[in-house]
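Structure assessment
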Amino acid sequence: MIKKFIRKILGVKTPADESAGNRKPKVLTAKEHGIDPKLLSSNAIRVTSTLQENGFKAFVVGGAVRDLLLGVKPKDFDIATNATPEQVKRLFRRAFIIGRRFQIVHVMFGQDLLEVTTFRGPATEAAPKDEHGRVLRDNTFGEQHEDAVRRDFTINAMYYDPASQTVLDYHGGIADIRKKTLRIIGVPEARYREDPVRMLRVVRFAAKLQFTIDAATSAPIAVMAPLINNVPSARVFDEMLKLLMSGHAMACLQQLRKAGLHHGLMPLLDVVLEQPMGEKFVTLALASTDERIQQGKPVSPGFLFASLLWHQVLEKWNAYIAAGEFSIPALHLAADDVLNAQTDALALQRKIGSDMRDIWAMQPRFEKRVGKTPYKLLENTRLRAGYDFLLLRCASGEVETEVGEWWTAFINGDEVAREELLTAKPKAAASAGKKRKPRRAPSSKPRAAVAADE
């Protein structure tokens, strides 16, 4: 009934209509599309030319073409070809076939990884699906126009040939880019059912590109959002990481809440973003993370998730203390509770969980500013991350700013200045540290998602 209603009201085309009407693409010349060849990766050109020299079709495809058309240097380059995975693998020394749902080839040049996919054919009823219609495996290969139908959004369904410098546009992607519109290919309901992660992707692209979501594309999301719960947690985590590290994390989270997609993904957001102090803390963390990403600086997923989950830890920490537990054991118990719950929901990787624990465990140690304790903390490999986390707590009003100022002076000071800080009274400590010029003076501004090794 919902399906009929959506189609009747919005006049949505069927996949068959899409396929039949777009066998011949619109071909745009270099003058028409305006892509700057200098933005292309030399390795992407190397892969496409190698495939073409061996008699295959090969194009840069997807988000890379979208970014090139927007005048942005792509972070990753994906290649589409009519060569099978085995044929691709034979042409490159370091090539590996991966994937269960759909086989792809990873071609490596040093640390540079390029993803090469064979043109996909139409989805078949015989393809294994779960009880909700999500496709589990689909290794059907096909023609290029069929591959274009299988792609998610019109702006991601264009093909660029570096050799001829032409763009092939099967679904009006260039027009949608110029209109700044996100539009899914085919029947939105069917496409979301095939792969519910597409609902997260449309939110991420809308926030990152500042595009408007087409009405037909957005209409089913509120009803179909629960399908996200059927997706393997590892895939959801990967998509959430891309969303949070897109450089537009706060905009993405606001869009998630607007679309009703945040339930079940990160339940803590329902609570944290409705608490004044929690909302301020998360907002500061994400804004600082966005700034670092936009400046091309490294970020740490561990720091980011430690920030997002901190107020859940804080609530449980206080509850354990109120129940009679000592402070440090109480913090570790609280961290265990939160990480165990989120590991099940988001498949947090062990390394990320370990980084989060280290950052949280360091916070009570910043309160001990006497004797040898501060010097021991200076030797901690996670000091920078823990210190930046402390500054976020100060900036949000959770901790007195004097504590952050004291540690800024202690970290930057020489031996004499540090001894003065340790002997001075707490309120006077920050000014004591300023009597001598520090050897280096990094900004005390909170730096969310700092590199793990900083």
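What counts, and where the lines are drawn
- Residues numbered from 1 in each chain as written.
- Predicted model: local features only at pLDDT ≥ 70, side-chain atom pairs only at ≥ 80, totals over all residues.
- Heavy atoms only, no water.
- Helix = DSSP H or I, 4+ residues; strand = E, 2+ residues; numbered from the N terminus.
- Contact = heavy atoms within 4.5 Å.
- Areas by Shrake-Rupley, 256 points an atom, 1.4 Å probe, with all protein chains shown as cover.
- Buried < 20%, exposed > 50% of the residue type's maximum accessible area, 1.4 Å probe, protein only.
- Arc of directions from axis to C-beta.
- Polar contact = N/O pair within 3.5 Å; in protein donor to acceptor, adjacent residues only side chain to side chain.
- Pairing = 2+ DSSP bridges.
- Axes fitted to C-alpha atoms, helices over the stretch in contact; angles between N-to-C directions.
- Parallel < 35°, antiparallel > 145°, perpendicular 65-115°, else oblique.
- Nonpolar A, V, L, I, M, F, W, Y, C, P; charged D, E, K, R; others polar.
- Phe/Tyr/Trp six-rings, centres within 6.5 Å; stacked < 30°, edge-to-face > 60°.
- pLDDT = per-residue confidence, 0-100.
- Core = buried A, V, L, I, M, F, W, Y, C linked by side-chain atoms within 4.5 Å.
- Salt bridge = Lys/Arg side-chain N within 4 Å of Asp/Glu carboxyl O.
- Left-handed = near helix turned anticlockwise from the far one by under 90°.

**Considerations on the overall build of the chain**
Within the chain, the regular secondary structure consists of 24 helices and 10 strands. Across the chain, the fraction of contacts at a sequence separation of at least 24, relative to all contacts at a separation of at least 6, is 68%. With an accessible surface of roughly 21500 Å², the chain has 52% of that area assigned to carbon and sulfur atoms.

**Quick look at helix α23 (residues 415–423)**
Taken as a whole, α23 has its buried residues at A417, R418, L421 and L422. Looking down the long axis of α23, one finds its buried residues gathered within 140 degrees of arc, a one-sided arrangement. For α23, the N-terminal capping position is held by D414, with its side-chain oxygen 3.3 Å away from the main-chain nitrogen of V416.

**Brief notes about the sheet that holds strand β3 (residues 78–81)**
With mixed pairing, eight strands are arranged side by side in an open sheet as β1-β8-β7-β2-β3-β6-β5-β4. Looking at the sheet topology across the chains shown, the edges are occupied by β1 (26–28) and β4 (95–98). Strand-to-strand twist across the sheet, computed as the mean angle between neighbouring axes with direction ignored, equals 30 degrees. Examined bridge by bridge, strand β2 (residues 58–61) and strand β7 (residues 158–161) share two bridges and lie antiparallel to one another. Within β7, the position partnered with V60 by the bridge is Y160.

**Structural notes on the packing of helix α22 (residues 401–412) against α23**
Running from N to C, α22 and α23 point in directions that differ by 150 degrees, and their axes come no closer than 8 Å. Between α22 and α23, the angle falls in the class roughly antiparallel. Contact residues: W406, A409, F410 and I411 in α22; R418, L421 and L422 in α23. In terms of residue class, the contact of α22 with α23 is made up of six nonpolar, no polar and one charged.

**Describing the packing of aromatic side chains**
Applying the stated rule across the entire model yields 15 aromatic pairs. Taken together, a centroid distance of 6.5 Å and an interplanar angle of 85 degrees make the contact between F92 and F109 edge-to-face. Remark: F109 occurs in strand β5 (residues 104–109) and F92 occurs in the loop between α6 (85–91) and β4; sequence separation between them is 17 residues. Here the two residues F92 and F109 agree in accessibility, since each one is buried.

**A look at the pairing of β3**
Where β2 meets β3, four bridges bridge the pair, whose relative direction is antiparallel. Within the sheet, the bridge partner assigned to V60 lies in β3 and is I79. Judged from the four bridges that link them, β3 and strand β6 (residues 112–118) form a sheet pairing that is parallel. Bridged to T81 within β6 is T118.

**Digging into the confidence of the model for the chain**
Low-pLDDT portions of the prediction should not be read for the details of their coordinates. Per-residue pLDDT for the chain has a mean of 84; in total, 80% of the residues score no lower than 70. Below pLDDT 50 for its whole length, residues 1–21 participates in 25 contacts with residues either more than four positions away or in separate chains. A low-confidence stretch, residues 428–454 stays under pLDDT 50, and its non-local contacts, those more than four residues away or across chains, total 78 contacts.

**Some points on the nonpolar core**
L244, L261 and W360 are the most contacted members of the largest nonpolar core, which totals 92 residues. Per-element accounting of this core gives the leading share, 10 residues, to helix α17 (residues 301–322). The residues touching W360, leaving out its near neighbours within four places in the chain, are A306, L309, W310, V313, L331, A335, V338, L339 and F389. Judged by nonpolar contacts, the second largest core, of 18 residues, contains F366, W406, W407 and L421.

**Observations regarding the pattern of salt bridges**
Taken as a whole and judged by the stated rule, the model has 19 salt bridges. Among the salt bridges present, the one from R235 reaches D195, with a minimum N-O distance of 3.0 Å. Placement of R235 in helix α13 (residues 233–244) and of D195 in the loop between α9 (188–194) and α10 (197–209) is noted, with a sequence separation of 40 residues between them. Owing to a relative accessible area of 31%, R235 belongs among the partly exposed residues under this scheme.

**Regarding unusual backbone geometry**
Backbone geometry follows two general trends: most residues other than glycine have a negative phi, and most peptide bonds adopt the trans configuration. Positive phi is not limited to glycine here, since K180 has a value of about 55 degrees. Secondary-structure assignment places K180 in the loop between α8 (173–179) and β9 (181–182). In this structure, Q210 takes a positive phi of about 60 degrees despite not being glycine. Tracing the sequence through the fold places Q210 in the loop between α10 and β10 (212–213). Classification of Q210 by relative accessible area gives exposed; the value is 62%.

**Focus: the side chain of N156**
Counting through the fold element by element, N156 comes out in the loop between α7 (144–150) and β7. In this structure N156 comes out as buried when scored by relative accessible area, which is 4%. Among the polar contacts made by the side chain of N156, one reaches the side chain of R66 at a distance of 2.9 Å. For N156, the side chain forms a polar contact with the side chain of D152, separated by 3.4 Å. Apart from the residues lying within four places of it in its own chain, the contact partners of N156 are G62, G63, R66, R151, R201 and F205.

**What to know about the packing of α17 against helix α19 (residues 350–362)**
Between α17 and α19, the least distance of the axes is 9 Å, while the angle of their chain directions is 55 degrees. Classified by the interaxial angle, the pair formed by α17 and α19 is oblique. Considering how the two elements wind past one another, α17 and α19 form a crossing that is right-handed. Between α17 and α19, the residues in contact are P301, G302, F303, F305, A306, L309, W310 and V313 and I352, D355, M356, I359 and W360, respectively. Split into classes, the residues belonging to the contact of α17 with α19 amount to 11 nonpolar, one polar and one charged.

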